[in-house]
Amino acid sequence: MDLRRSYFQLLICIILCTASAVSIIYIKHQSRELFIELEVLNVQRDKLNIQWSELQTEENIWATPMRIEREAMNKLHLQRPPMKKIKVYEKQ
Amino acid sequence: MNRGAETKEEISKRFIVRAFWVLGFFILLSFLLVLRATYLQVLNKDFLIDQGNARQIREPTIVAYRGMITDRNDKPLAISIPVDSLFINHNNFSLSTGELEALSKILNIDIGKLQKKIQANKGKSNWFLERHVSTKLSKKIKALKIANITIIREYQRAYPSGEIVSQLLGYTNTDEKGIEGIELQYESWLRGIAGKKKVLKDRKFRSIENIGIIKTAKPGKDLKLSIDLRLQYIANKLLKESILEHQAQFGTVIVLNALTSEVLAMANQPSFDNNERSSISPSLVRNRAIIDMYEPGSSIKPFIIANAIESGQYDASSLIDTSPVKIGKKVIRDRTDLGNVDIGTILSRSSNAGMSRISLTLESDKLWEMMSDFGFGSLSSGGFPGEARGELHHHSQWGDIGKATMSYGYGISVTPLQLAQAYAILANDGIRKPISLLANQLTEGKRVLSSVTAEKVRAMLEKVVGPNGTARKASVEGYRVGGKSGTAWKTSGSGGYTEDRYRSFFAGIAPLDDPQLVVVVFIDEPSGEFYYGGDVAAPVFSKVISESLRLLAIPPSYNSSFNDPLVADLKLE
């Protein structure tokens, strides 16, 4: 009886041990897969950051006050109203 | 031998011998295994670990960007953009004719030049064939698949606003290190320090595990300047026009927030584009608003008058004799003798004789103390590289002549920024706040002048731009403004003053009913028809103020020629 019981315990230990070993392999694999994904995303983030800074530079080159003034005057034929015609709303 | 004849004993003996052999064989085998294991695990361990690591472990750098510089409304003034450099790490690098042609076409460099560069670096390894190529071009170069060219990612500063803010911002060198201006002043704040990490790679060279950080990356921090790009642009444009019109050498305009002492605009002309670093001339790089000092001429007068009122010896109504003053051999006289006039008239007609008379009656130590309190002779920008301290001699060195000439702006030197700061004290009811080039730096002020005196001096400044003043051209339609012009002779190389070369100043405050802005205009050597501060610098002041007040939506003064704006709005609706 006693001997049978110890065999049973040993069997459970072996099964648990194997299961944990397999799960370690599995989890390690999972973590590596996720890490690869993370790295890809990191690279993507860096690329987007770069693009963002380039777009920002571009936007600001297009939007220099000098260019806006030139476009407003030459293309849209806008004029600055004389001071007497400017009304300033007071903040309430 | 007949097996059948073997005895039982013989059989067991043979069995033992056989077993002995087999056992011996296995023992030998396991011994060999142990030997091999010892060889791998003990004797050759380091070599093998190194080999394994060399195949699996990589140490990529962690990129850290240099911080962005923005204006107060978050408009970028300096951004780091990625560029690629062509790195050669082979000591006998050469290109085929086809490669040479393709490369020179992409890089837009002459083939001969390219060949020369390669020839010059013969025998060297680790050099740059070309630095800072745009990422678009580097992609094309990559596609050529030339052996021994490594493309290295680097970063370069881009300044979207071009020449508008260039002297203030300064620039960086090819390694992105600040070497001028704000880029230098805030180098440690802006600089990004790249890090290094250790990762495990798989067969396909993908990172599969982070082993550890060798050096943490420290990204650069962003910096928000107090500059308002719109005002900066306007100041630049108007200054440029004026310099052209008056055929002047150079000029400076500063716009200061009167209440916080933040610099809203700081323009120097002629200017340069800090994106084009190859063509920078040192004289254009100088941020003259901070690092050059000048004798301010009459624009210093309001501070002597503030001292006179503060001393209790004079009041706005005191009458002063403006007949020529004789000190030793020197006679100080005005172009027209005004007779006995009040202090306000002395300022509005800019009488040097009257100023000298006032100055001579003031206590030297008190006058010196107050001039120091106004910020003359001490640093004001908070560490801008190369900043000038200005020159305010100690009162023990003055003598009567020194004291008299200082009252109309000679023998004292100030930077345009110091002048702006001093006017800001008058505008801010006598409270001095440290000048700030960064946005939102709230600091406690220090009272250096009573608010009553500040108000009296402001009222006198309004008369200067009034119909009888010397700077009528500084007036602004719709707003009450005040200020003081100055015209100073330039010193000649021989030590005296030149008779025909001038510096033209105007410094002022607006709007006077609720001071918000201080503007200083300085123009060097106007050589056209006009050279007086009231004719050259004052109109620039007027235009800058009028545009700035409109942009900042500061309501017009009520007792002006305008209708009451509130009433006008109600009628509209």
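Anything mentioned here points back to the structure above.
As a starting point, this report considers the structure included with it. Model, not experiment: these values are computed from the prediction.

The rules behind the values
- All residue numbers here refer to positions counted from 1 along the written sequence of the relevant chain.
- Starting at A for chains and at 1 for ligands, labels are handed out in the order in which the entities are written.
- Only residues with pLDDT of at least 70 get local features here, since the model is predicted, and only at 80 or more are side-chain atom pairs given and counted; chain-wide, interface and lining totals rely on the full set of residues.
- Only the contacting stretch of a helix is used when fitting its axis, a line to C-alpha atoms as for every element, and angles between N-to-C directions run 0 to 180 degrees.
- Note on conventions: DSSP H or I runs of at least 4 residues are helices, E runs of at least 2 residues are strands, and numbering of each starts at the N terminus.
- Here is the rule for angles: anything less than 35 degrees is roughly parallel, anything more than 145 is roughly antiparallel, 65 through 115 is roughly perpendicular, and the remaining ranges are oblique.
- Helix crossings get a hand from a simple test, with the near helix turned counterclockwise from the far one by less than a right angle marking a left-handed crossing and a clockwise turn marking a right-handed one.
- Whether two residues are in contact is decided by their C-beta atoms, placed from the backbone, lying within 7 Å.
- Three categories are distinguished: nonpolar for Ala, Val, Leu, Ile, Met, Phe, Trp, Tyr, Cys and Pro, charged for Asp, Glu, Lys and Arg, and polar for the others, with Gly belonging to the last.
- By definition, two strands form a pair when at least two bridges between them are found by DSSP.
- The term nonpolar core means buried Ala, Val, Leu, Ile, Met, Phe, Trp, Tyr and Cys residues held together as one set by C-beta atoms within 7 Å.
- Put plainly, a residue is buried at 20 or more neighbouring C-beta atoms within 10 Å of its own, exposed at 12 or fewer, and partly exposed in between, counting only other residues' C-beta atoms, which are placed from the backbone.

## Thoughts on the packing of helix 14 (residues 352–361) of chain B against helix 16 (residues 399–406) of chain B
All names here are of chain B.
- With their axes 8 Å apart at the nearest point, helix 14 and helix 16 run at an angle of 125 degrees to one another. Between helix 14 and helix 16, the interaxial angle falls into the category oblique. As helix 14 runs across helix 16, the sense of the crossing is right-handed. The residues of helix 16 that touch helix 14, namely those facing S356, S359 and L360, are D400, K403, A404 and M406.
- The residue makeup of the contact of helix 14 with helix 16, split by class, is three nonpolar, two polar and two charged.

## Brief notes about the sheet that holds strand 20 (residues 517–524) of chain B
All names here are of chain B.
- Here five strands make up an open sheet; going across it, the order is 11-10-20-19-18 and the pairing antiparallel. Looking at which strands have only one partner, the edges of the open sheet turn out to be strand 11 (263–269) and strand 18 (482–491). If you compare each strand with its neighbour and ignore which way they point, the axes differ by 10 degrees on average.
- Relative to strand 20, strand 19 (residues 497–510) runs antiparallel, the two sharing eight bridges. Bridge assignment links F505 to a residue of strand 20, and that residue is F522.

## Topic: the interface of chain A and chain B
- With 21 residues of chain A in contact, the opposing surface of chain B contributes 29 residues.
- Going through the elements one at a time, helix 1 (2–62) and helix 2 (65–74) of chain A are the ones with two or more residues in the side of chain A that touches chain B.
- For the side of chain A that touches chain B, the leading source of residues is helix 1 of chain A, giving 12 residues.

## Focus: the nonpolar core
Residue and element names in this part refer to chain B.
- In this structure, V253, I254, V255, Y423, V519 and V521 are the most contacted members of the largest nonpolar core, which totals 116 residues.
- The element that contributes the greatest number of residues to this core is helix 17 (residues 416–427), accounting for nine residues.
- Leave out the neighbours within four places in its chain, and V519 touches V253, I254, V255, G508, F541, V544 and I545.
- Among the nonpolar cores identified, the runner-up in size contains seven residues, and L86, L95, L103 and L129 belong to it.

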